[in-house]
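# Results of the structural survey
Spelled out from the first residue to the last, the chains are:
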Amino acid sequence: MTKIKHISYFIANSEAELFGLVPDGEEVSIYQLINKNGMEIKVTNYGATVTSLKTPLKNGELVDVVLGFDTLDAYLQSFNLKSAPYFGATVGRFAGRINNGEFKLNEETFHLYQKNNNHSLHGGNLGFSQKNWKVKNLDNGRNPSITLYYVSDAQEENYPGELTVELTYTLSEENELIIEYKANTTEDTIVNLTHHSYFNLDGHQYTVSEQKLIVNSEKTVETTDENIPTGRFLNVAGSSFDFKQPKKCPSIIDTTFVLEKENEFSASLFSKKNNLKMTVYTNQPAVHIYVGGDCFNTVKGKENVDYHPLSGICFETQNFPDAPNHKHFPSSVLKKEETYHHKTIYKFQSF
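As the structure is a prediction and not an experimental result, all values here were calculated from the model.

If you walk through the whole model with that rule in mind, you get 20 aromatic pairs. Measuring from ring centre to ring centre gives 5.2 Å for Phe103 and Phe110, while their planes differ by 20°; the resulting arrangement is stacked. As far as burial versus exposure is concerned, Phe103 and Phe110 are alike and both buried. Here the aromatic rings of Tyr198 and Tyr290 are separated by 6.2 Å at their centres, their planes lie at 75°, and the arrangement is edge-to-face. Pair noted here: Tyr198 is in strand 18 (residues 198-199) and Tyr290 is in strand 26 (residues 286-292), with a separation of 92 residues, a long-range link. The exposure class assigned to Tyr290 is partly exposed, which follows from its relative accessible area of 23%. Looking at Lys247, its charged tip hangs above the ring of Phe243, at a distance of 4.6 Å from the centre. The positively charged end of Lys273 is found above the aromatic ring belonging to Tyr206, 4.7 Å away from the centroid.

In the structure shown here, the tally under the stated rule is 13 salt bridges. Ionic pairing is found between Lys134 and Glu26, a salt bridge with its closest N-O pair at 3.3 Å. One end of the pair, Lys134, is in strand 12 (residues 134-139); the other, Glu26, is in the loop between strand 2 (13-21) and strand 3 (27-34), and 108 residues separate them in sequence. For Lys134, a relative accessible area of 39% gives the class partly exposed. On the basis of relative accessibility, which here comes to 30%, the residue Glu26 falls in the partly exposed class. Between Glu218 and Lys244 there is a salt bridge; the shortest N-O distance is 4.0 Å. A residue pair is termed long-range when its members are at least 10 positions apart, and Glu218 in the loop between strand 19 (212-215) and strand 20 (219-223) and Lys244 in the loop between strand 21 (229-235) and strand 22 (247-248) qualify at 26 residues. Residue class for Lys244 comes out partly exposed when judged on its relative accessible area of 27%. Each of Glu218, Asp242, Lys244 and Lys261 takes part in a single network of salt bridges with overlapping partners.

Next up on the list: the sheet that holds strand 21. Taken in spatial order, the six strands make up an open sheet running 18-27-26-23-20-21, and their pairing is antiparallel. Two strands bound the open sheet, and with one partner strand each, they are strand 18 and strand 21. The pairing of strand 23 (residues 254-258) with strand 26 spans five bridges and is classified as antiparallel. Note on strand 26: the bridge partner recorded for Val258 is Ala286.

Here we take up the side chain of Ser350. With respect to the secondary-structure elements, Ser350 resides in strand 29 (residues 340-350). There is a polar contact of 2.9 Å between the side chain of Ser350 and the backbone nitrogen of Lys58.

Before going further, it helps to examine the pairing of strand 20. Strand direction decides the pairing type here: strand 20 and strand 21, joined by four bridges, are antiparallel. When the bridges of strand 21 are listed, Val221 appears paired with Phe233. In terms of strand pairing, strand 20 meets strand 23 through two bridges, oriented antiparallel. What sits directly across from Thr220, in strand 23, is Phe257.

Conventions adopted
Residues numbered from 1 in each chain as written. Predicted model: local features only at pLDDT ≥ 70, side-chain atom pairs only at ≥ 80, totals over all residues. Heavy atoms only, no water. Phe/Tyr/Trp six-rings, centres within 6.5 Å; stacked < 30°, edge-to-face > 60°. Buried < 20%, exposed > 50% of the residue type's maximum accessible area, 1.4 Å probe, protein only. Helix = DSSP H or I, 4+ residues; strand = E, 2+ residues; numbered from the N terminus. Lys NZ or Arg CZ within 6 Å of the ring centre and 35° of its normal. Salt bridge = Lys/Arg side-chain N within 4 Å of Asp/Glu carboxyl O. Pairing = 2+ DSSP bridges. Polar contact = N/O pair within 3.5 Å; in protein donor to acceptor, adjacent residues only side chain to side chain.

Encoded structure:
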């Protein structure tokens, strides 16, 4: 952890720094935003990825609360691991799994790229997490923000319609990381975007096993052994998935929780070590929670850290997995005259 510099007024680095080159030679940049409290985020346009999120503590220190890599090459290598971690990435067109990589829309069947037990996962072979996004705007005000965009061609990964996505990361004066997505399409299509940071309130080099988790949910989405929804919901009461009261982070979880309480928080995480709390808010119908981060001793994390299966916890706010194949699930269809809007807030409080 590092000491916060005393800041009388927000100063941002609006100049892009070179982060590296992708295999085709295109440059990838990294950007830094700092709010008036010293909270700092670094974002690269590769995958619209958050590489670092440093949050202030009461004692004047900063703690980096997300997992990531120091180099672009490490991010590229991570997608070759037997289970790619998607550290800090933007996931799309469709986060989560689609059964057998197939869905019907307007009486037409679409066949997507299959990569996970013959299912589609996180957008396909080369989803949004591995694309070079463009920067549309940098705002150096008191609530600094960066807006990136990506245009996904019609039939990319076999999805219908040209989809234009705008994504804005904002650091608020209240130490919130606000993530807002907007998307439009030239044809009816399906969309389910999410953010894939692995959080660790003790610092990215530690374990989440002692941190306390709350999930404001009464139900989970039942799945098969291959994590494909059956269409049924399970009540959490009395089960190992009941996190309505604080419980230690589980060692294994890969579960979609149903969010039915409007205008309430979705989940929270608390570190007794740092007296730091993160609260998640979203307008999405679900939060998928996953504990992991293992890089299999193959790719080193930031500061030469070896990430392991308990390195971080994801709060993937999104629609239900396989939503296009279940009529009673919230619709994931985006019609060509509509706008997709997704907003998620990660709020940090130090005690």
